[in-house]
Amino acid sequence: MSKRFILKIDAANRSFRLEDIDPANLQKDAQEDYSILWGESLAQYLLRQNPDDFVITRGPLTRFPANKSTVGYISPLTGVPHYSFVGGNSFREVWSLGLDAVVFTNPLDDMAEHYVTVSGHVPDVQVQFISDESLPRGQRSAYYHLVSKELDGHALWGSIFTLGSGAYHGYLSANVAVEAMYHAGRGGAGAVMRKFTRALVLHSGKRYAFDPEGLPSEVFRRLEKYGSRLGCKDAGTIIKLAATGKDPAGKNTLPAWNATQLGYPMAEIGGAEILLATREGKAGCYWCPVTCRHYHTMPVDYAPDGVDLFLDDFEPAYAVYAMLGIMAQKDTEGAKIRMLKEVDRKIFLPIEQSGCDVMDIGIAIAALYEGISKDIIPLSDVPEFLHNKESNFGSIEKVHGILELLETDDHEYRAIRCLGDGPQALADAYPEMRDSVFTCGAKTLGNAGHCNKLWTFLMPFSRFFSHYSAQIYKVSGNIPENPDQDTLQELFPSVIDEMFQREYFSILCNTLSCCAFGFIIFTEGGAGVELSHDDLLVKVLRFYGIETTREELMRFAQNFWAQSIDLKIKHGWQPPDADQFPYRVFEAVSQAISHPPEKCKEMMDLLIAEWKRQAKQIMSKYGYEAQW
Ligand code: SF4
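This is a predicted model, so every value here is computed, not measured. (Residues numbered from 1 in each chain as written. Predicted model: local features only at pLDDT ≥ 70, side-chain atom pairs only at ≥ 80, totals over all residues.)

## Some details on the overall build of the chain
Then, number 1: Broken down by element type, the chain carries 21 helices and 17 strands.
Then, number 2: For 628 residues, the compact-globule estimate of 2.2 N^0.38 gives 25 Å, and the C-alpha radius of gyration of the chain, at 23 Å, lies within 12% of that figure.
Then, number 3: The dimensions of the chain, computed from C-alpha atoms along their principal axes, are 65 × 60 × 45 Å.
Then, number 4: Expressed as a percentage of the 628 residues in the chain, the buried residues total 53%. (Helix = DSSP H or I, 4+ residues; strand = E, 2+ residues; numbered from the N terminus. Rg over C-alpha atoms; globule rule 2.2 N^0.38 Å. Buried ≥ 20, exposed ≤ 12 C-beta atoms within 10 Å, placed from the backbone.)

Quick look at the structure:
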């Protein structure tokens, strides 16, 4: 196996060095498996050496569509290793610099005062530390500034990672944007990167063309087949909003208004009518034919053309519209489109410029409103415009006012300052909030969640127990009305089993640093559960010189899952029981499955017990002892 080339950038000493890793001679415990040492597994290996580092890795499938870079760090929100997968041009640039990973090491105590550029090609890589007082603090503004200054105005000539003002304030919900639109989001990546650099510009100077020659043609046939549902103008992730929040039969499963109700009238903004009327184009990651990122534009004063592109994905729409109850003034298409434009200007643009995770901000503001209305959060902790408790939900102006306060260094209001650190900070500052806020904090492994199917039950569960929560709500099965214990004990083993199958598959996707949307081409029926029986992935890996078999891949995936959970345990994670979930989870679930919250909690304990049983077996198989 070839060596991995690592660029280590020492932030405190403003120096750098090249290192290599020989996969045949890794420093590791005997039971650890790094037989695929790319993407997430390379990031994990590097973080084991030094958990303070901030790591960017790539996968091996060069010139393959649907590649991403992997950003790895210890999340300041959860305390455990976190990996984000970002697109844009980042993969291409890491590769064409001749690198397998860029590692920031030796952090400063506070925000770095420089940004970093990397150019050239191994071994002649050049790294510069640039102090630039004119670098804007807005995440979008910083991107355009650097395109102009470092890439001569040609955005495609490199890849740019930027922070927003939230990172300058030290907010834990700060993210990292790549090419302004693609985010390494929900683990607090920006709160970690800020101590190494204000931005990163990768600029290899190489312009490789897409060259699929020799790749099995089946890859492209399946990308077209499975990608079309994402690529058409009225498609993409945002359609989940309409499908789960405005069901014609009223069987909504999308929790809205801080999960106090299911369904939301404005969920139709995820429907075909509004999408066809507002979308202006689509973009995608370099070399990917799916181009699944649909955008509309907004007038701005920081971009050279006077407009900027904004993606309309599920997460931002859910976090802002459904969570905060924002409605159009009239039930007409025109009024809804006017509302969308106003929200863009007054809410999305400030959030984008702050570079804070939109889910964290939306969920935290929704929880704040509830805390105020229940007198848990004292009025002295919030500005006067929030004192009228009944009129907070639904107001665009109030959200805008909160975002303006978050922008200032004057943190006069304790509850507003908490929002910058995400919903968990509210639960920490006001312990009575603990039961009414979805967080991505203590005991969780992943993102602040939404639940959007009848399998609503699995989404909150996945945040606490899943290595890859995004896929878990798709697990098949159903909870019947008023289920008894025997029915659930029969159902849950297969649920957990499928959950693990999905996790193994996601491990392969992430260790090859691919896009989850594209990687499903390697599964049977595109379902994202088991590798396809025609061994397409094995054939593609062979094309890249990686000889393996289906069995070896699955063994690696299982082993890697076990060692990842073990690593998280070493960082303090232990599987919680249902008592440690916010009670709001059960209230929301209760609405979806017509079962009292207390009963839902008992069901959750059954599900957790099954997870522990199966997880213990898997860990034991690979030499890890599970202490539960
Ligand atoms: S499917 Fe979409 S997100 Fe995935 S690589 Fe292609 S353009 Fe990027």
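## Quick notes on the site of the ligand
Then, number 1: Lining the immediate surroundings of the ligand are A66, G87, G284, C285, C288, V290, T291, C292, R293, C515, F517 and G518.
Then, number 2: Here the shell around the ligand is built from residues that sort into seven nonpolar, four polar and one charged. (Near = placed C-beta within 6 Å. Nonpolar A, V, L, I, M, F, W, Y, C, P; charged D, E, K, R; others polar.)

## Overview of helix 20 (residues 583-593)
Then, number 1: All of the buried residues along helix 20 are R584, V585, F586, A588, V589, A592 and I593.
Then, number 2: Just downstream of helix 20 lies S594, where phi reads positive at about 50 degrees.

## Overview of the pairing of strand 17 (residues 307-311)
Then, number 1: By the criterion of burial, strand 17 is predominantly enclosed, with four of the five residues buried.
Then, number 2: By the bridge criterion, five bridges tie strand 16 (residues 293-299) to strand 17 in an arrangement that is antiparallel. Note that in strand 17 the partner of Y295 across the bridge is L311. (Pairing = 2+ DSSP bridges.)

## Here's the deal with the sheet that holds strand 15 (residues 281-283)
Then, number 1: Taken together, the three strands give an open sheet; going across it, the order is 15-16-17, and neighbouring strands pair in antiparallel fashion. Of all the strands in the sheet, the pair left with one neighbour each is strand 15 and strand 17. Each adjacent strand pair in this sheet contributes to an overall mean axis angle of 50 degrees, direction not counted.
Then, number 2: With three bridges connecting them, strand 15 and strand 16 associate as antiparallel partners. Note on strand 16: the bridge partner recorded for A283 is R293. (Axes fitted to C-alpha atoms, helices over the stretch in contact; angles between N-to-C directions.)

## Quick notes on helix 9 (residues 314-324)
Then, number 1: Counting buried positions along helix 9 yields 10 of 11 residues, so the element is predominantly enclosed.
Then, number 2: Listing the buried residues of helix 9 in full gives E315, P316, A317, Y318, A319, V320, Y321, A322, M323 and L324.
Then, number 3: Among the structural elements, helix 7 (239-245), strand 13 (255-256), helix 10 (333-354), helix 11 (358-373) and helix 12 (396-407) are those in contact with the buried residues of helix 9. (Contact = placed C-beta atoms within 7 Å.)

## A look at the nonpolar core
Here is a general trend for soluble globular proteins: nonpolar side chains tend to be buried in one another's company.
Then, number 1: Core analysis: the biggest nonpolar cluster contains 183 residues, and V320, I365, L368 and L426 have the highest contact counts within it.
Then, number 2: Broken down by element, this core gets its largest block of residues, 11 residues, from helix 11.
Then, number 3: Filtering out sequence-adjacent residues up to four positions away, L426 remains in contact with A364, A367, L368, G371, A415, C418, M433 and V437. (Core = buried A, V, L, I, M, F, W, Y, C linked by C-beta atoms within 7 Å.)

## Concerning unusual backbone geometry
Backbone geometry follows two general trends: most residues other than glycine have a negative phi, and most peptide bonds adopt the trans configuration.
Then, number 1: Cis geometry is found at the peptide bond from V122 to P123, where omega equals 5 degrees.
Then, number 2: In this fold, P123 is placed in the loop between strand 7 (115-121) and strand 8 (124-130).
Then, number 3: Unlike most non-glycine residues, A66 shows phi in positive territory, near 70 degrees.
Then, number 4: The backbone of N106 shows a phi angle near 60 degrees, a positive value even though the residue is not glycine.
Then, number 5: On the basis of neighbour counts, which here come to 17 C-beta atoms within 10 Å, the residue N106 falls in the partly exposed class.

## As for the packing of helix 16 (residues 485-511) against helix 21 (residues 597-621)
Then, number 1: Running from N to C, helix 16 and helix 21 cross one another at 50 degrees; their axes reach a closest spacing of 9 Å. Between helix 16 and helix 21, the crossing angle belongs to the class labelled oblique. Crossing handedness for the pair helix 16 and helix 21: right-handed. Seen from helix 16, the contacting residues are L488, Q489, F492, P493, I496, D497 and F500; seen from helix 21, they are M603, L606, L607, E610, W611 and Q614.
Then, number 2: For the contact of helix 16 with helix 21, the per-class residue count stands at nine nonpolar, two polar and two charged. (Parallel < 35°, antiparallel > 145°, perpendicular 65-115°, else oblique. Left-handed = near helix turned anticlockwise from the far one by under 90°.)

## Quick notes on the sheet that holds strand 9 (residues 159-162)
Then, number 1: The mixed open sheet is built from six strands, whose spatial order is 8-7-12-9-10-11. Here the strands that pair on one side only, and so sit at the sheet edges, are strand 8 and strand 11 (182-184). Pairwise comparison of adjacent strand axes, ignoring direction, gives a mean angle of 20 degrees for this sheet.
Then, number 2: Note: strand 7 against strand 12 (residues 199-203), four bridges, orientation parallel. Bridging across to strand 12, S119 finds its partner in H203.
Then, number 3: Running at roughly 145 degrees to strand 9, helix 3 (residues 139-150) makes contact with strand 7, strand 9, strand 10 (176-178) and strand 12 of the sheet.

## So, the environment of M323
Then, number 1: On the secondary structure map, M323 appears in helix 9.
Then, number 2: Note: C-alpha distance between M323 and L254 (69 residues apart in sequence) is 9.9 Å.
Then, number 3: In this view, M323 contacts A256, W257, N258, Y318, G362, I363 and A366; residues no more than four positions away in its chain are not counted.

## A closer look at the domain arrangement of the chain
Then, number 1: Along its sequence, the chain is carved into domain 1 (4-203), domain 2 (234-278 + 313-433) and domain 3 (454-621).
Then, number 2: For domain 1 versus domain 2, the distance between C-alpha centres works out to 30 Å.
Then, number 3: Contacts between the two partners involve 20 residues from domain 1 and, on the opposite side, 14 residues from domain 2.
Then, number 4: Elements that contribute at least two residues to the side of domain 1 that touches domain 2 include exactly helix 3 and helix 4 (165-169).
Then, number 5: The dominant element in the side of domain 1 that touches domain 2, judged by the number of residues it contributes, is helix 4, at four residues.
Then, number 6: Considered class by class, the residues forming the side of domain 1 that touches domain 2 number seven nonpolar, 11 polar and two charged. (Domains from an automatic or database assignment.)

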